[in-house]
Amino acid sequence: MAADRVLATAALRSSLSVALIAAALPAGAGSLPVHGLWVWNSTQVLQAPQGAPALRDFCQSAGINEVYVSVSRDYSALEELRLTQLIALLHQIDIRVDALIYSVDGDEVGAPRTALLDRVQSILNFDHHHPAQHFDGIHLAIEPQRRPEYESATNNQFLPALVVTYRAVRARTDRAALSLGADIPSKVLAADVDERRALLSAVPRLTLLMDAGTIQRGAATPGQRLEQLRRRSRRYLQMAYRGVDEPHAAGMLIALRAQDHEAQLPPLLAALDDANRSDPHYLGWARSYDAAP
């Protein structure tokens, strides 16, 4: 019996490692493109009557295959129950579920970074207590660019500290066999090659937030907007990896906000896949849960 338990544990760890590696593979490596969904207000979503089934149905209709669910800093027992129910519901239809952690100062050394790492640990504790309804990964939305000192379109001085934070989180998620992703603003693409190399080696996956203005200026018709998105998304991927030859550089998703594009969103998302599917670094797209597909 003891030998059986050892073998079972080894097999479980092996399968978790394979799953973690597969989650970071680029779409061009033969996997389906990632179609991600941010659920920023999960507490309100799950409080609503039929909130979890409605989210499941939305994911199916919109072609979503992974969801980033915001987790409160101090979630209640009721919120914990609703999260486990949602995870179980989405896992039934093979949708990955990541815990979404937001911060504007988690890059800062000292108390802010410690607070962020404490939140990461709370997700690991959640998984420990709910092995059958566990999160598949952690998705970081750390946004120092929203602080006044970094609002300039060219100020990327937060990057070194942000990379340190990413690495500290990754040390924990790797030990727990969880995937790790992080959102980045498009302005970091202007960073020098050493800064981009450090960023692309810090986490397995990055999600590039594409501002609405980048595909609306001068695009008078829907067709022009689609073509502009194709061109700009290809250009952004080229900018991100220019001069970076790391064999294990992060793969990248490209994200659009639902409220920026409304009814135009589905064809724009399809255009992202069409334009970038052959790029070995492109993983897929992400969108927010703000409007119907």
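All residue numbers refer to positions counted from 1 along the written sequence of the respective chain. Per-residue local features are limited, in this predicted model, to residues with pLDDT of at least 70; the limit for side-chain atom pairs, both in listing and counting, is 80 or more; totals at the level of whole chains, interfaces and linings are taken over all residues. To get the side-chain values, all heavy atoms of the structure are used, and hydrogens and water are removed first.

For this particular structure, what's the right way to read the pairing of strand β5 (residues 179-185)?
Taken residue by residue, a regular strand's side chains alternate between the two faces of the sheet. Per-residue accessibility, obtained with a 1.4 Å probe over protein chains only, is compared with the maximum for each type, and a residue is labelled buried under 20%, exposed over 50%, and partly exposed between these values. Only DSSP runs of H or I covering at least 4 residues are called helices, and only runs of E covering at least 2 are called strands; the numbering of each starts at the N terminus. Across the seven residues of β5, seven count as buried, placing the element largely inside the fold. Along β5, one buried face is formed by Ser179, Gly181, Asp183 and Pro185 and the opposite face, lined by Leu180, Ala182 and Ile184, is buried too. The parallel pair strand β4 (residues 137-142) and β5, bridged by helix α6 (residues 159-175), forms a crossover whose chirality is right-handed. Orient the strands so they point away from the viewer, and a crossover whose first-strand-to-second-strand path over the helix runs clockwise is right-handed. In this region the chain leaves β5, passes through helix α7 (residues 193-202) and returns to the parallel neighbour strand β6 (residues 205-209); the handedness of that crossover is right-handed.

Can you walk me through the environment of leucine 199 in this structure?
Relative to the elements of secondary structure, leucine 199 occurs in helix α7. Separated by 35 residues in the primary sequence, leucine 199 and valine 164 have C-alpha atoms spaced 9.3 Å apart. Two residues qualify as a contact provided that any one of their heavy atoms is within 4.5 Å of a heavy atom in the partner residue. Setting aside chain neighbours within four positions, we find leucine 199 in contact with Leu159, Val163, Tyr166, Ile184, Val188 and Leu206.

Got a minute to help me understand the packing of aromatic side chains in this structure?
Each aromatic ring pair is characterised by the separation of its centres together with the angle its planes make. Note on ring pairs: Phe, Tyr and Trp rings are taken, using the six-membered ring of Trp, and paired if centres are within 6.5 Å. Classes follow the plane angle, with under 30 degrees stacked, over 60 edge-to-face and the rest tilted. Counted under the stated rule, the structure contains seven aromatic pairs. Measuring from centroid to centroid gives 6.0 Å for tryptophan 40 and tyrosine 102, while their planes differ by 90°, and the two rings are edge-to-face. Pair noted here: tryptophan 40 is in the loop between β1 (34-39) and α2 (42-47) and tyrosine 102 is in strand β3 (residues 96-103), with a separation of 62 residues, a long-range link. For tryptophan 40, a relative accessible area of 36% gives the class partly exposed. Classification of tyrosine 102 as partly exposed rests on a relative accessible area of 35%. Ring geometry for phenylalanine 58 and tyrosine 289: centres 4.8 Å apart, planes at 70°, overall edge-to-face. Of this pair, phenylalanine 58 sits in helix α3 (residues 51-62) while tyrosine 289 sits in the segment after β8 (282-288), and the two are 231 residues apart along the sequence. Through a chain of ring-to-ring contacts, three or more aromatic side chains come together here, namely Trp38, Trp40, Tyr68 and Tyr102.

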